[in-house]
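Here is how the chains run, residue by residue.
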Amino acid sequence: MNVQEKLAILADAAKYDASCASSGSKSTRSGSKIGSTEGMGICHSYTPDGRCVSLLKILLTNYCIYDCQYCVNRISSDTPRARFTVDEVVSLTMEFYKRNYIEGLFLSSGIIQNSDYTMEQLIAVAKQLRVNEHYGGYIHLKTIPNAAQALIEEAGRWADRLSVNIELPTEHDLQRLAPEKKKPQIVDAMQGIRSKIDETKSERKAGFKAPRFAPAGQSTQMIVGATETPDLEILKTASELYIGQKLRRVYYSAYSPIPHADARLPGQSPPLVREHRLYQADWLMRFYGFDANEIVADSDQNLSLDMDPKFAWALANRHFFPVDINKASREELLRIPGIGARNVGRILSIRRYKALRSSDLRKLRVAWNRAKCFVITADSNPNLENLDKTDLKSKASPKSRQLMLFDTASSALSGEV
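Residues numbered from 1 in each chain as written. Predicted model: local features only at pLDDT ≥ 70, side-chain atom pairs only at ≥ 80, totals over all residues. Heavy atoms only, no water.

- The chain goes by DNA modification/repair radical SAM protein in an unreviewed UniProt entry, where it is assigned to Stieleria varia.
- A UniProt comment under Cofactor (unreviewed entry) is attached to the chain, and it reads "[4Fe-4S] cluster". (UniProt positions renumbered as here; feature names shortened; annotations may be inferred.)

What follows is the structure in structure tokens.
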């Protein structure tokens, strides 16, 4: 099998892994001669909402000794198999980078032989790129649970970001569909990375020249919709990982049906809007001070698909409103539908000099149609009389319209909801 045929198989096999954003690395490695993680180099397109930039996204191999039922590369699958050598991945990365096809490398792998051996192969690629090719661009390595801590530490030395996939939201889900994987082992691997990141930061803060270790932090991916686990449990797991392991990102990947799938798996993917609502809720937890338990209001413990979670929370908690734009705290302002974190900062700054009127909020380009029924401004706001009406949802919901190509460009960049 030639390299092109391997690439077709292993790039296709890697498409199911969503945790591949390249944001977060802020400086280029000293001594590197090609590639950059800042300025006009790899990270010139930061994506706060986690969208992917141009990475060479491949598996080292799709052979795997595990039999995870949701995975197309499981050992019992009849999918075509291939395996790159270390030299082939290094050569592909350098050639694609020089042609400006890619901005970095995302490298994962099926488990071959055992966790340590697989991890050694991944490390060999990153080390060869750094040492032999003097490559200073972005590298994201998938970390294999159960690999020795010394190997994880070496991986972090060469990679910008490490990630360990939590795979499924709960331990019960793993027992059903991937019994060879254990949540405690996965969390232990994350803990090992977090400890080393904290140690490196402490040493550098104390003035020591500690070697770099995963400067872009760690992330993980959770498959959504492969089991009946509701959104509340998914968000609770994400919250635990953000707090306990200080993850940069949790990525939510809608389950994709695979050939000859286990009968316990659903026959179709969940609606993509569910994945979108989870990312919105994730954003509320990380930047708006919401807790997972309060975001999910529906009795079935799932996010509403027909409105964003912040608006849904406001409808279910009308006693919290109206909020006085000119007197409320930052935490209270962050809970108003239609007003993002950046505009909250602007409001706090402006109101030191003048009282804000509804026209001022429009000038700030807040989503006024969503915010108007929830705020007190310096002038009279007749929309407040709708706050307790039963048809508030229809009055404040955005009207359906055909989006143009660049209509969502600003929200994609800011990630604001």
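### Structural notes on the state of the cysteines
- Evaluation of the coordinates by the stated rule reveals zero disulfides.
- No disulfide involves Cys71; its sulfur sits 6.1 Å from that of Cys68, the nearest cysteine. (Disulfide = S-S within 2.5 Å.)

### Thoughts on the packing of helix α1 (residues 3-13) against helix α2 (residues 86-98)
- Orientation of α1 relative to α2, taken along the N-to-C sense of each, is 85°, at an axis distance of 12 Å. If you check the angle between α1 and α2, you find them roughly perpendicular. Residues Val3, Lys6 and Leu7 of α1 lie in contact with α2, whose contacting residues are Glu88, Leu92 and Phe96.
- Grouping the amino acids of the contact of α1 with α2 by side-chain chemistry returns four nonpolar, no polar and two charged. (Axes fitted to C-alpha atoms, helices over the stretch in contact; angles between N-to-C directions. Helix = DSSP H or I, 4+ residues; strand = E, 2+ residues; numbered from the N terminus. Parallel < 35°, antiparallel > 145°, perpendicular 65-115°, else oblique. Contact = heavy atoms within 4.5 Å. Nonpolar A, V, L, I, M, F, W, Y, C, P; charged D, E, K, R; others polar.)

### Concerning the pattern of salt bridges
- Scanning all chains against the criterion turns up 18 salt bridges.
- Among the salt bridges present, the one from Arg130 reaches Asp160, with a minimum N-O distance of 2.8 Å. Here Asp160 lies in the loop between α4 (149-158) and β4 (161-163) and Arg130 lies in helix α3 (residues 115-131), a separation of 30 residues in the sequence.
- On the basis of relative accessible area, Arg130 is assigned to the buried category, the value being 9%.
- The buried category is assigned to Asp160, whose relative accessible area is 1%. (Salt bridge = Lys/Arg side-chain N within 4 Å of Asp/Glu carboxyl O. Buried < 20%, exposed > 50% of the residue type's maximum accessible area, 1.4 Å probe, protein only.)

### Remarks on the sheet that holds strand β1 (residues 56-59)
- An order of β1-β2-β3-β4-β5-β6 is seen for the six strands of this open sheet, with the pairing classed as parallel. In this open sheet, the two edge strands, each paired with only one partner strand, are β1 and β6 (249-254). For this sheet, the mean inter-axis angle between neighbouring strands, taken without regard to orientation, is 20°.
- Note: β1 against strand β2 (residues 104-108), four bridges, orientation parallel. Note on β2: the bridge partner recorded for Leu59 is Ser108.
- With respect to the sheet, α3 is in contact with β2 and β3 (138-142), its orientation differing from that of β3 by roughly 170°. (Pairing = 2+ DSSP bridges.)

### Points about the layout of surface pockets
- Space inside the second largest pocket adds up to approximately 360 Å³.
- Lining the second largest pocket are 16 residues, and of these Ile197, Lys201, Phe213, Ala214 and Pro215 lie nearest its centre.
- No other element matches the six residues that helix α6 (residues 183-205) contributes to the lining of the second largest pocket.
- Of the residues belonging to the lining of the second largest pocket, the class tally is four nonpolar, five polar and seven charged. (1 Å grid on protein atoms, 1.4 Å probe; cavity = no way out; pocket = protein on both sides within 12 Å on 5 of 7 lines; lining within 4 Å. Points joined across faces, edges and corners; volume = space filled by probe spheres on them.)

### As for the pairing of β2
- Most of β2 is tucked away: five of the five residues are buried.
- Side chains of β2 alternate between two faces, with Gly104, Phe106 and Ser108 and Leu105 and Leu107 buried alike.
- The parallel pair β1 and β2, bridged by α2, forms a crossover whose chirality is right-handed.
- Summarising the sheet, β2 and β3 pair through four bridges and their orientation is parallel. Opposite Gly104, over in β3, you have Tyr138 as the bridge partner.
- Between β2 and its parallel partner β3, the chain crosses via α3, and the hand of that crossover is right-handed. (Right-handed = clockwise from strand over helix to strand, strands pointing away.)

### Let's talk about the packing of aromatic side chains
- Taken as a whole, this structure holds ten aromatic pairs when the rule is applied.
- Their ring planes at 75° and their centres at 6.0 Å tell us that Trp313 and Phe321 sit as a pair that is edge-to-face.
- Note on Phe321: relative accessible area 6%, which makes it buried.
- Both rings, one in Phe320 and one in Phe321, keep their centres 5.1 Å apart while their planes meet at 80°; by these two values the pair is edge-to-face.
- An aromatic cluster is present here, built from Phe290, Phe311, Trp313, Phe320, Phe321 and Phe374 joined pairwise through their rings.
- Just above the ring of Tyr251 sits the side chain of Arg249; from NZ or CZ to the centre is 4.9 Å.
- Lying across the ring of Phe290, Arg335 places its NZ or CZ 4.0 Å from the centre. (Phe/Tyr/Trp six-rings, centres within 6.5 Å; stacked < 30°, edge-to-face > 60°. Lys NZ or Arg CZ within 6 Å of the ring centre and 35° of its normal.)

### So, the packing of α2 against α3
- Between α2 and α3, the least distance of the axes is 9 Å, while the angle of their chain directions is 45°. If you check the angle between α2 and α3, you find them oblique. Of the two elements, α2 crosses α3, and the hand of that crossing is right-handed. Judged by residue contacts, Val86, Asp87, Val89, Val90, Thr93 and Met94 of α2 engage Gln121, Ala124, Val125, Gln128 and Leu129 from α3.
- Within the contact of α2 with α3, the residues separate by chemical class into seven nonpolar, three polar and one charged. (Left-handed = near helix turned anticlockwise from the far one by under 90°.)

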